[in-house]
Amino acid sequence: MPESNIIPILVILPVLAALVTLLATPKHRPTAAGPIAFILSLIPLGIVIWMVCNFPHIADRTDANWYFNCTYDWIPSLGIRFMMGVDTISLWLLVLTAVLTPLSILASFKYIKERQAEFYAWMLALHAGLLGVFCAKDLLIFYLFFEFTLIPMFFIIGIWGGADRRKAAGKFFLFTFAGSVLTLVSL
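Here's a quick rundown of the structure.

Calculation criteria
Per chain, residue numbering runs from 1 following the sequence as it is written. Only residues with pLDDT of at least 70 are given local features in this predicted model, and only at 80 or more are side-chain atom pairs given and counted; all residues enter the totals for whole chains, interfaces and linings. Each side-chain value is worked out from all heavy atoms of the structure, with water and hydrogens disregarded. Numbering goes from the N terminus for both helices and strands, where a helix is a DSSP run of H or I of at least four residues and a strand is a run of E of at least two. It is over C-alpha atoms that the radius of gyration is taken, and the globule rule equals 2.2 Å times the number of residues to the power 0.38. For every residue, the accessible area obtained with a 1.4 Å probe (protein chains only) is divided by the maximum for its type, and the residue is called buried under 20%, exposed over 50%, and partly exposed between those limits. Contact criterion: two residues are considered in contact whenever any of their non-hydrogen atoms come within 4.5 Å of each other. Only the protein chains shown count as cover for residues, and the accessible areas themselves come from Shrake-Rupley with a 1.4 Å probe. Residues scored as charged are limited to Lys and Arg (positive) and Asp and Glu (negative), so that His and the chain ends carry no count. Think of each charge as sitting on NZ of Lys, CZ of Arg, CG of Asp or CD of Glu. Joining through side-chain atoms within 4.5 Å is the link that ties buried Ala, Val, Leu, Ile, Met, Phe, Trp, Tyr and Cys residues into a set, and such a set is a nonpolar core. At least two bridges found by DSSP between two strands is the condition for calling them paired. A helix is expected to span 1.5 Å for every residue after the first. Pairing of aromatic side chains requires ring centres within 6.5 Å, counting the rings of Phe and Tyr and the six-membered ring of Trp. Pairs whose planes differ by under 30 degrees are stacked, by over 60 edge-to-face, and all others tilted.

### Details of the overall build of the chain
- A tally of helices and strands in the chain yields six helices and two strands.
- The secondary structure elements of the chain, listed N-terminal to C-terminal, are α-α-β-β-α-α-α-α.
- What you see for the chain is a C-alpha radius of gyration of 18 Å, in line with the 16 Å of a compact globule of 187 residues.
- Counting only C-alpha atoms and orienting by the principal axes, one finds that the chain spans roughly 50 × 40 × 25 Å.
- By residue count, 39% of the 187 residues in the chain fall in the buried class.
- At a minimum sequence separation of 6, the contacts of the chain that also span at least 24 residues come to 65%.
- With an accessible surface of roughly 10,600 Å², the chain has 70% of that area assigned to carbon and sulfur atoms.
- Here the chain carries 12 positive and 10 negative side-chain charges, and the mean point of each set is 15 Å from the other.

### Quick notes on the nonpolar core
- Among the nonpolar cores identified, the biggest contains 23 residues, and Ile7, Leu10, Met51, Phe68, Met84, Val86 and Leu94 are the most heavily contacted of them.
- When contributions to this core are tallied by element, the ones reaching two or more residues are helix H1 (6-24), helix H2 (33-54), strand E1 (67-75), strand E2 (80-86), helix H3 (88-108), helix H4 (116-135) and helix H5 (139-160).
- With residues up to four places along the chain from it excluded, the contact list for leucine 94 reads Leu10, Val48, Met51, Val86, Leu131, Phe134 and Cys135.
- One finds Ala33, Leu40, Tyr120 and Ile156 within the second-largest nonpolar core, a separate group that totals 16 residues.

### Focus: the pairing of E2
- Summarising the sheet, E1 and E2 pair through six bridges and their orientation is antiparallel. Across the sheet, cysteine 70 pairs through a bridge with methionine 84, a residue of E2.
- What sits between E1 and E2 in their antiparallel hairpin is a turn of four residues, with glycine 79 showing a positive phi close to 75°.

### Let's talk about H5
- With 22 residues, H5 should reach 32 Å at 1.5 Å per residue; the first-to-last C-alpha distance of 32 Å fits that figure.
- By the burial criterion, the buried members of H5 are Ile141, Tyr143, Phe145, Thr149, Leu150, Pro152, Ile156, Ile157, Gly158 and Trp160.
- Buried residues belonging to H5 abut H1, E1, E2, H4 and helix H6 (165-186).

### Concerning the packing of aromatic side chains
- Applying the stated criterion to the full structure yields 11 aromatic pairs.
- Geometrically, the ring pair formed by tryptophan 74 and phenylalanine 82 is edge-to-face, given 6.5 Å between the ring centres and 80° between the ring planes.
- Residue classification places tryptophan 74 among the partly exposed positions, given a relative accessible area of 41%.
- Using a relative accessible area of 21% as the deciding quantity, one classes phenylalanine 82 as partly exposed.
- A ring pair is formed by tryptophan 122 and phenylalanine 155, whose centres lie 4.7 Å apart and whose planes are at 10°; its orientation type is stacked. A residue pair is termed long-range when its members are at least 10 positions apart, and tryptophan 122 in helix H4 and phenylalanine 155 in helix H5 qualify at 33 residues.
- Judged by relative accessible area, which is 24%, tryptophan 122 ranks as partly exposed.
- Exposure remark for phenylalanine 155: the relative accessible area of 31% places this residue in the partly exposed category.

Next up, the structure:
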């Protein structure tokens, strides 16, 4: 597998894992969603570990600070490209995300009793968004992935949050929407 394809695969895998978690959880055994999500969340962790092990050895020599580079012409007429890569700082943020997601899923086994398949699917979707945020080399791609992370967070807060979860989800939406509009205008 070419090293330039590793980041898109890393970001897409949790989305596929979310779909598998939703579709593969038997209706008569909803508690299976947690273990399925946990096992599937270990795959991106394995890829990130591989990236750490190969980090100093696989480099695009035209850009010595970025590794595992992936660039596609997205909207060529506007000069917009899809650019992702990993530098030294983002690599450790990827490690942190890849380690904390399976741990968060494990920790939630005891507390999430309702709509488990949906919860774990949203957790994996959030995982994909965070991985994309930390791999983005372009401001537009960063913005899109950041905005994507807000969707799973809204549902996780609004459905499985504490006593005032609906109020908290509403505030979360208002604050992030206001910040997003300002960010979009600045873009």
